[in-house]
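Geometric and topological summary
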Amino acid sequence: MDKEAIAKAAELIKKSKRAVVLTGAGISTPSGIPDFRSPDYGMWSKYDPFEVASLWGFRENPEAFYGWARSLMDKVRNAKPNAAHLSLARLEQAGYIKTIITQNIDLLHEQAGSKHVLPLHGTIKTATCLDCGHKFQVTEEFWEKVRRGEIPKCPKCGGLLKPDVVLFGEPLPYEILKEAQQESLLCDLMIVVGSSLMVMPAADLPALAKRRGSKLILINLQWTTMDSQADVVIRGDAAKVLPKIEKLVLGKGKK
């Protein structure tokens, strides 16, 4: 692990006045949740995303979506925050991080104790009927039906229920995206953790920050299109890298 890069990242965090974090699937793989694009074990190496995770695919064949989601949601619901989530939460509590923007739907940032989290790609806490538009809290009964191979239906009209996660072909939640863009414009440091930066518009947020003069730290196992523009690039497991950065940052107390 690059000790010099870790030290530089810690210094940038200590000097920043408004640091914002963008996280992707790579921060949650140490918690047992598979990512999407890794060549050998990513989910899209086994599934066609446009068949199982697109809005048009969901409408035409909800059985395929729920069949794919069944094992994934069990992993998500059983996962616990790892050291990376906990380090970010402590850095937020100490005043070094303003906002966490996440592409993940696993709620692990919230479980770790982070308070200001913007879930760009939606949430598994609620589901919406595609016929009548009614929104429901997702209960254990909902997931029990999914485990049994049933398709959850709206208790009001009998229509098809879709979890409020953003599928291919759907817009991101407008207010959350707007706030994420504003945070990217206002920050003086953006820390990208575990994101391939291949999915728009989330992938444009670091570029937006850089265009406004922000520093950029990238922590990822693989190359990203923003590597050449980053001030610090750390190749490594987020659950091992972030605790080392946290230790250096918090060694002198709270901000």
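Residues numbered from 1 in each chain as written. Predicted model: local features only at pLDDT ≥ 70, side-chain atom pairs only at ≥ 80, totals over all residues. Heavy atoms only, no water.

1. Topic: the overall build of the chain
On a plain count of helices and strands, the chain comes out with 10 helices and 9 strands. The C-alpha atoms of the chain give a radius of gyration of 19 Å, which matches the 18 Å a tight globule of 255 residues would have. Along the three orthogonal principal directions, the C-alpha set of the chain runs to about 55 × 35 × 30 Å. Among the 255 residues that make up the chain, the fraction classed as buried is 52%. Sequence separation of at least 24 residues holds for 67% of the intrachain contacts in the chain that already meet a minimum separation of 6. Here the chain has roughly 12,200 Å² of accessible surface; of this, 53% comes from carbon and sulfur atoms. Taking the 36 positively charged and 29 negatively charged side chains of the chain as two groups, their mean positions are separated by 7 Å. (Helix = DSSP H or I, 4+ residues; strand = E, 2+ residues; numbered from the N terminus. Rg over C-alpha atoms; globule rule 2.2 N^0.38 Å. Buried < 20%, exposed > 50% of the residue type's maximum accessible area, 1.4 Å probe, protein only. Contact = heavy atoms within 4.5 Å. Areas by Shrake-Rupley, 256 points an atom, 1.4 Å probe, with all protein chains shown as cover. Lys, Arg positive; Asp, Glu negative; His and termini not counted. Charge placed at Lys NZ, Arg CZ, Asp CG, Glu CD.)

2. With respect to the sheet that holds strand 1 (residues 19–23)
In space, the 6 strands of this open sheet follow the order 3-2-1-7-8-9, with parallel pairing throughout. Only two strands of the sheet have a single neighbouring strand rather than two, namely strand 3 (117–119) and strand 9 (232–235). For this sheet, the mean inter-axis angle between neighbouring strands, taken without regard to orientation, is 15°. Here 5 bridges tie strand 7 (residues 189–193) to strand 8 (residues 215–220), and the two strands are oriented parallel to one another. In the strand pairing of strand 8, isoleucine 191 is matched with isoleucine 217. The strands touched by helix 1 (residues 3–15) within the sheet are strand 7, strand 8 and strand 9, with strand 9 carrying the most contacts at an inclination of about 130°. (Pairing = 2+ DSSP bridges. Axes fitted to C-alpha atoms, helices over the stretch in contact; angles between N-to-C directions.)

3. Side note on the nonpolar core
Core analysis: the biggest nonpolar cluster contains 28 residues, and Ile217, Ile219, Ile234 and Ile245 have the highest contact counts within it. At the level of secondary structure, the elements contributing two or more residues to this core comprise helix 1, strand 1, helix 5 (83–93), strand 7, strand 8, strand 9 and helix 10 (238–250). Those residues in contact with isoleucine 219 that lie beyond four places of it in its chain are Ile191, Val192, Val193, Gly194, Ile234, Gly236, Ala238, Val241, Leu242 and Ile245. In terms of nonpolar packing, the next biggest core, distinct from the first, is built from 27 residues, Ile33, Met73, Leu160 and Val165 among them. (Core = buried A, V, L, I, M, F, W, Y, C linked by side-chain atoms within 4.5 Å.)

4. Re helix 1
An α-helix turns once every 3.6 residues. As a result, residues three or four positions apart point the same way. End to end, helix 1 covers 18 Å across 13 residues, agreeing with the expected 18 Å (1.5 Å per residue, within 8%). Three or more residues of helix 1 are buried, namely Ala5, Ile6, Ala9, Ala10, Leu12 and Ile13. End-on view of helix 1: buried residues confined to an arc of 160°, all on one side of the axis. With respect to the buried face of helix 1, the exposed residues turned more than 90 degrees away are Lys3, Glu4 and Lys15. On the buried face of helix 1, the contacting elements are strand 7, strand 8, strand 9 and helix 10. (Expected span 1.5 Å × (residues − 1). Arc of directions from axis to C-beta.)

5. Examining the sheet that holds strand 5 (residues 135–137)
Spatial ordering of the open sheet is given by 5-4-6, a layout of 3 strands whose pairing is antiparallel. On the outer flanks of this sheet lie strand 5 and strand 6 (161–165), each paired with one strand and no other. Strand after strand, the sheet turns through a mean of 40° between neighbouring axes, direction not considered. Bridge count between strand 4 (residues 122–129) and strand 5: 3 bridges; the pairing is antiparallel. Bridging from a neighbouring strand, alanine 127 pairs with phenylalanine 136 of strand 5.

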